[in-house]
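# Secondary and tertiary structure notes
Residues per chain, in single letters:
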Amino acid sequence: MLTARDLSTRLADLLKRERAALADFLVALSEFDRERRWVELGHSSLFYFLHRELGLSKGAAFYRKTAAELIQECPEVVEPLRDGRLCLTSVVQLAKVITPENRAEVLPRFFQLSKREAKEVAAELSPCEAAPHRE
């Protein structure tokens, strides 16, 4: 019979493999998108390929599309995704504010954040201008 420690160790190993598989998938998807291979399969976008061809929900397709596009512009996100410092749900917010000039400073600010926390950091980095106020 396995002990709780044995099961915990197994779960940690499975999680590590899950993260690695996701990172590998996103890297391959990034290349697939860069080459616009989804066009050859009759899709109008990467999003529709993911949703229609691979059967992902629209939300899951959006997260993966956004991550694949971000990897093309900022390959530094791959390792944090692989080791769990960066969550897929945070990538959408990160993609809104990261630039070639600020990536070294901005990327670590999204490590270990929840979706909500990532939204807060993105809002802090790129606050919306208030609409003009009529008097």
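Right, let's walk through the structure included here. Predicted, not measured: the structure shown is a model, and the values here were computed from it.

## What about the pattern of salt bridges?
Counting across every chain of the model gives eleven salt bridges. Where Glu40 meets Arg37, a salt bridge forms, and the shortest distance between an N and an O atom there is 2.7 Å. With Glu40 and Arg37 both in helix 2 (residues 37-40) and three residues apart, the pair spans about one turn of that helix. You can call Glu40 exposed: its relative accessible area is 57%. Across the pair Arg116 and Glu120 runs a salt bridge whose closest N-O atoms are separated by 2.8 Å. Taken as a pair, Arg116 and Glu120 lie in helix 8 (residues 115-125) at a separation of four residues, close to a single helical turn. Of the residues examined, Arg116 reaches a relative accessible area of 54% and is grouped as exposed. When salt bridges with common partners are traced through the structure, they connect Asp24, Glu79 and Arg82 into a single cluster.

Rules used throughout
Numbers given to residues run from 1 along each chain, matching the order in which its sequence is written. Side-chain atom pairs in this predicted model are given and counted only at pLDDT of 80 or more, local residue features only at pLDDT of at least 70, and totals for whole chains, interfaces and linings cover all residues. Note that water and hydrogens are dropped before the side-chain values are worked out from all heavy atoms of the structure. What counts as a salt bridge is simple: a side-chain nitrogen of Lys or Arg found within 4 Å of a carboxyl oxygen of Asp or Glu. Each helix is a run of DSSP H or I of at least 4 residues and each strand a run of E of at least 2, with the numbering of both proceeding from the N terminus. Summary of the burial criterion: residues with accessible area below 20% of their type's maximum are buried, those above 50% are exposed, and those between are partly exposed, where the area comes from a 1.4 Å probe applied to protein chains only.

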